[in-house]
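Understanding the architecture of this molecule
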Amino acid sequence: MIVAGFILLAVGSADLVRQFAPHRWVGYLTVAVILLLLGSVSDALLPMMLGLVVGALWVWCMPSERPAPLGFWPAVLLGVLSIGSVVWLGARADAGLIGSVWSVRSPFGEVPFDLAILTVGTGVFLLESANLVVRAALDGEHTWRPAELRRTVVLDTADAQPAASEAAAAHPVVAGAQRDDGVMGPVGVGGSDSTAAGQAEEAGDADAVPARDTRAGFKGGRLIGPLERILVMLLTLAAAYPILAAMLAAKGIVRFPEISRDGETGARAEYFLVGSLVSWVIGLGAAFLVWWAAHS
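Residues numbered from 1 in each chain as written. Predicted model: local features only at pLDDT ≥ 70, side-chain atom pairs only at ≥ 80, totals over all residues. Heavy atoms only, no water.

**Considering the layout of surface pockets**
Approximately 650 Å³ is the volume attributed to the largest pocket. Forming the walls of the largest pocket are 26 residues, and the residues nearest its centre are Phe108, Leu115, Leu237, Val290 and Ala294. Of all the secondary-structure elements, those providing two or more residues to the lining of the largest pocket are strand E2 (109-110), helix H5 (113-127), helix H9 (221-237) and helix H11 (267-295). Taken together, the residues of the lining of the largest pocket sort by class into 19 nonpolar, 6 polar and 1 charged. (1 Å grid on protein atoms, 1.4 Å probe; cavity = no way out; pocket = protein on both sides within 12 Å on 5 of 7 lines; lining within 4 Å. Points joined across faces, edges and corners; volume = space filled by probe spheres on them. Helix = DSSP H or I, 4+ residues; strand = E, 2+ residues; numbered from the N terminus. Nonpolar A, V, L, I, M, F, W, Y, C, P; charged D, E, K, R; others polar.)

Structural data, given as structure tokens:
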């Protein structure tokens, strides 16, 4: 149990440092010192060292600025390692120095130190690390995102402008003359003043689209996703299944107008379903991990 707690705490803390710390090396050093103190007072130096190693490997395997090189597999291996640590290793009989002074009670009974570390580590993992897992799942399935769809449409429009310009140059319209369709040409040389201005404006709009990371469309999910997973874990542990079902249904209802405008591609629906299902599975898995540890 303590092994899974330190692993998840190290991974989750490292991802929070990557996301929010202005100086990452200071944040990593702070996390290492805190884990070292916790491992020392709880007689769990080996689990603590294992947590640091797994955290370093996670940072390498799951980058936050680009798609993960190993895809979704680091998250699968982390889940197997955490579940195996809880199921097969179980709880320790002695929590070291802090075990003699540790006393935390809950409505469900005494909370051991190892269970507290596991619960905190699980909660920290759900904040930012689970966002990386969801992104890896979306990248692995090549799911289009709403931001990508908008950028693709704009770029396609920009690509169509050179062809229109060439056609206009090949068939100039004389001011006041009739075109093949019988419409009078606008005042100006071939009506090119207004046409060129419109094309330049549209091309400028296309050029204004920054060449950024395509995963920048996850800004809202950085807040919604963690809150949703935390609520899923808490409501599952509290056996509040009707409230949990109502919350998940409400999310679908709120997103329905956006999904209904999806058109023929189905990209928004796929984006919503894949992201939501992976997020819910992570939250339910975290609840199962804590529940099993509390009853083992």
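**Regarding the packing of H5 against helix H6 (residues 129-140)**
In the contact formed by H5 and H6, the axes pass within 3 Å of each other and the chain directions differ by 50°. Classified by the angle between their axes, H5 and H6 sit oblique to one another. Residues Phe125, Leu126 and Leu127 of H5 form the contact with H6, whose own contacting residues are Ser129, Ala130, Asn131 and Val133. Classifying every residue of the contact of H5 with H6 by side-chain character gives 5 nonpolar, 2 polar and no charged. (Axes fitted to C-alpha atoms, helices over the stretch in contact; angles between N-to-C directions. Parallel < 35°, antiparallel > 145°, perpendicular 65-115°, else oblique. Contact = heavy atoms within 4.5 Å.)

**Comments concerning H6**
In this model H6 runs 17 Å from its N-terminal to its C-terminal C-alpha over 12 residues, within 8% of the 16 Å that 1.5 Å per residue would give. When you tally the buried positions in H6, you get 11 out of 12 residues, the bulk of the element. Among all positions of H6, only Ser129, Ala130, Asn131, Leu132, Val133, Val134, Arg135, Ala136, Ala137, Leu138 and Asp139 are buried. (Expected span 1.5 Å × (residues − 1). Buried < 20%, exposed > 50% of the residue type's maximum accessible area, 1.4 Å probe, protein only.)

**As for the confidence of the model for the protein chain**
Here the protein chain averages 77 in pLDDT, and 71% of its residues register 70 or above. Here helix H8 (residues 192-207) is the element of the protein chain with the lowest mean pLDDT, 44, and helix H1 (residues 2-20) is the one with the highest, 95. Long-range and interchain partners of residues 171-218, a stretch whose pLDDT sits below 50, account for 55 contacts in this model, where long-range means more than four residues apart. (pLDDT = per-residue confidence, 0-100.)

**Observations regarding the pattern of salt bridges**
Under the criterion given, the structure shown has 6 salt bridges. Close ionic contact of Glu65 with Arg24 constitutes a salt bridge, the shortest N to O distance being 2.8 Å. Here Glu65 is found in the loop between helix H3 (45-61) and helix H4 (73-89), whereas its partner Arg24 is found in helix H2 (residues 24-41), with 41 residues between them in sequence. In this structure Glu65 comes out as partly exposed when scored by relative accessible area, which is 46%. A salt bridge links Glu228 to Lys251; its shortest N-O distance comes to 2.9 Å. Of this pair, Glu228 sits in helix H9 while Lys251 sits in helix H10 (residues 241-260), placing them 23 residues apart in sequence. (Salt bridge = Lys/Arg side-chain N within 4 Å of Asp/Glu carboxyl O.)

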